[in-house]
Amino acid sequence: MVRGRISRLSVRDVRFPTSLGGHGADAMHTDPDYSAAYVVIETDAEDGIKGCGITFTLGKGTEVVVCAVNALAHHVLNKDLKDIVGDFRGFYRQLTSDGQLRWIGPEKGVVHLATAAVLNAVWDLWAKQEGKPVWKLLVDMGGERSQHEAPPKCWPLPLLSRCQDPRMLVSCIDFRYITDVLTEEDALEILQKGQIGKKEREKQMLAQGYPAYTTSCAWLGYSDDTLKQLCAQALKDGWTRFKVKVGADLQDDMRRCQIIRDMIGPEKTLSLFLQMMDANQRWDVPEAVEWMSKLAKFKPLWIEEPTSPDDILGHATISKALVPLGIGIATGEQCHNRVIFKQLLQAKALQFLQIDSCRLGSVNENLSVLLMAKKFEIPVCPHAGGVGLCELVQHLIIFDYISVSASLENRVCEYVDHLHEHFKYPVMIQRASYMPPKDPGYSTEMKEESVKKHQYPDGEVWKKLLPAQEN
Ligand SMILES: C[C@H](O)[C@@H](O)CC(=O)C(=O)O
Ligand SMILES: [Mg+2]
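Attention here is on the structure that accompanies the text.

About the thresholds
Residues numbered from 1 in each chain as written. Chains lettered and ligands numbered in written order. Predicted model: local features only at pLDDT ≥ 70, side-chain atom pairs only at ≥ 80, totals over all residues. Heavy atoms only, no water. Near = heavy atom within 4 Å. Polar contact = N/O pair within 3.5 Å; in protein donor to acceptor, adjacent residues only side chain to side chain. Areas by Shrake-Rupley, 256 points an atom, 1.4 Å probe, with all protein chains shown as cover. 1 Å grid on protein atoms, 1.4 Å probe; cavity = no way out; pocket = protein on both sides within 12 Å on 5 of 7 lines; lining within 4 Å. Sits in = over half its atoms within 2 Å of the grid points. Nonpolar A, V, L, I, M, F, W, Y, C, P; charged D, E, K, R; others polar. Points joined across faces, edges and corners; volume = space filled by probe spheres on them. Helix = DSSP H or I, 4+ residues; strand = E, 2+ residues; numbered from the N terminus. Axes fitted to C-alpha atoms, helices over the stretch in contact; angles between N-to-C directions. Parallel < 35°, antiparallel > 145°, perpendicular 65-115°, else oblique. Contact = heavy atoms within 4.5 Å. Pairing = 2+ DSSP bridges. Buried < 20%, exposed > 50% of the residue type's maximum accessible area, 1.4 Å probe, protein only.

### A closer look at the site of ligand 1
- By nearness alone, 15 residues border ligand 1, and Gly24, Asp26, Tyr34, Lys243 and Glu414 come closest of all.
- Asp278 places a polar side-chain atom, nitrogen or oxygen, 3.0 Å from an oxygen atom of ligand 1.
- Contacts to ligand 1 include Glu333, whose side-chain N or O atom sits 2.8 Å from an oxygen atom.
- Taken by itself ligand 1 offers 320 Å² of open surface, and the protein chains cover 97% of this.
- Cavity membership is defined here by more than half of the atoms lying within 2 Å of grid points; on that basis ligand 1 lies in the largest pocket.
- Of the residues belonging to the shell around ligand 1, the class tally is four nonpolar, four polar and seven charged.

As structure tokens, then:
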């Protein structure tokens, strides 16, 4: 099925002026313009199928990511897709180990965001050619075995369809730097165990979807009236779990958390009705503990990014202090790579792990983090929102449930209600759950009309806005 040689790669800087409405604002990022470096790859297969990939940015700096994508392009151009996916680990390593570009990473920062955008496009292309959504491609790759059948001792790869073999899935992962906690054999074992009950879980997902929470009501840029109005509407729409931004001003936080608590009801704290808090790295370690001790009365399920995303031991200290108060630590949206996640897990520094589809090196690196989380039995609650993050991460978390975690306990995926209308295959939410996408690909393709309008700086939207902003 896999065909064609990559004949073209284009990348565009696409920005949405979300800061004008205060959407997306938090204690550190006060004026985000949700943006993306948008990559499209084409092949010479003459089937008209294109692979689309994004990485998420906040406006300024997207042009730097675009430069990094162009710097990586020569690794992709003129390659056969068959060779890329046939040795995906090798290809991932080639991209992340470019002898010169690696110096401005390694596997972090702009160059890693660019890697994610390129690889996301490759996954989209592969899945489209296979005629499956990415989650289903991954699930099928994980193999299938009935409840009573013993796992095969060896996997005769050439005799099996390569796309129905867990070894194929594992061969997409670069285990370098994580073999002290997760080996290839561990990964295979997890996937083999995950085969039990897999069909039932897939059916369950298709019928009920993956549970979500909303961040759309409580950005720091919103007034109390807006917060109340959005929260009331969300409750009407069936949302029961809400995340609120905190960290800039304690009195403000107390007032806003009280509003949400009043609206979702104090008696419901232990049921489905939950409140999460997100400080977006605002505090020092002792400050985080002190601040959250004051917000503990609102019974948050977690505090997200209480301090620097690089401070693994700091997170461990905060976790030790707050877990006895019933507050877990969540982090991950700014964890650059699998190594940081490994150490967070080793240090018992988090209770909820938040993968990000565009910060880690695409599906490949996310697979390794999902498997490590399973090994440590830490629930994965992905970061989403931004532009396109919900579209992408739904594939990863649905795969995780069906093939890896086999559990929904303490698990919920973020949802943000912005910018879906710009995607050709937007997320579908029903009863506050992500319904598994059915269209082939990674749901990454944007509407050409939207891209043209929002291209920076010469799209129609920015042509109008830029002169006004200069005055
Ligand atoms: C700047 C972004 O909107 C950020 O606040 C998102 C985030 O932290 C989250 O969704 O979680
Ligand atoms: Mg966050």
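Next comes the rest of the write-up.
### Considerations on empty space enclosed by the protein
- Applying the stated criterion across every chain yields a total of one cavity of 30 Å³ or more.
- Counted as a void, the largest cavity has a volume near 50 Å³.
- Along the walls of the largest cavity sit Leu95, Thr96, Leu101, Arg102, Glu107, Val111, His112 and Thr115, which together make up its complete lining.
- Looking at the lining of the largest cavity, the elements with two or more residues in it are helix 3 (88-96) and helix 4 (109-130).
- Residue contributions to the lining of the largest cavity peak at three residues, all from helix 4.
- Considering only residue class, the lining of the largest cavity consists of three nonpolar, three polar and two charged.

### Some thoughts on the packing of helix 5 (residues 134-141) against helix 8 (residues 198-208)
- Two elements in contact, helix 5 and helix 8, have axes whose closest approach is 12 Å; the angle formed by their N-to-C orientations is 170°. As the angle between them shows, helix 5 and helix 8 are arranged roughly antiparallel. Side by side, helix 5 and helix 8 meet where Trp135, Lys136 and Val139 of the first sit next to Lys198, Glu202 and Leu206 of the second.

### What to know about the environment of Arg89
- Within the secondary structure, Arg89 is located in helix 3.
- Considering only alpha carbons, one finds Arg89 and Phe175, 86 residues apart in sequence, at a separation of 8.8 Å.
- Apart from the residues within four sequence positions on either side, Arg89 is in contact with Val170, Ser171, Cys172, Ile173, Asp174, Phe175 and Glu184.

### Comments concerning the sheet that holds strand 1 (residues 6-15)
- In space, the three strands of this open sheet follow the order 1-2-3, with antiparallel pairing throughout. Every interior strand has two partners, whereas the edge strands, strand 1 and strand 3 (50-57), have only one. The mean angle between the axes of side-by-side strands here comes to 15°, regardless of whether they run parallel or antiparallel.
- Against the sheet, helix 1 (residues 62-72) engages strand 1, strand 2 (35-43) and strand 3, with an angle of about 175° to strand 1.

### Brief notes about the pairing of strand 3
- Across the eight residues that make up strand 3, a large majority, seven, are buried.
- Pairing between strand 2 and strand 3: eight bridges, direction antiparallel. Within the sheet, the bridge partner assigned to Ala37 lies in strand 3 and is Thr55.
- From the end of strand 2 to the start of strand 3, which pair antiparallel, there are six residues, and Glu46 there has a positive phi angle of about 60°.

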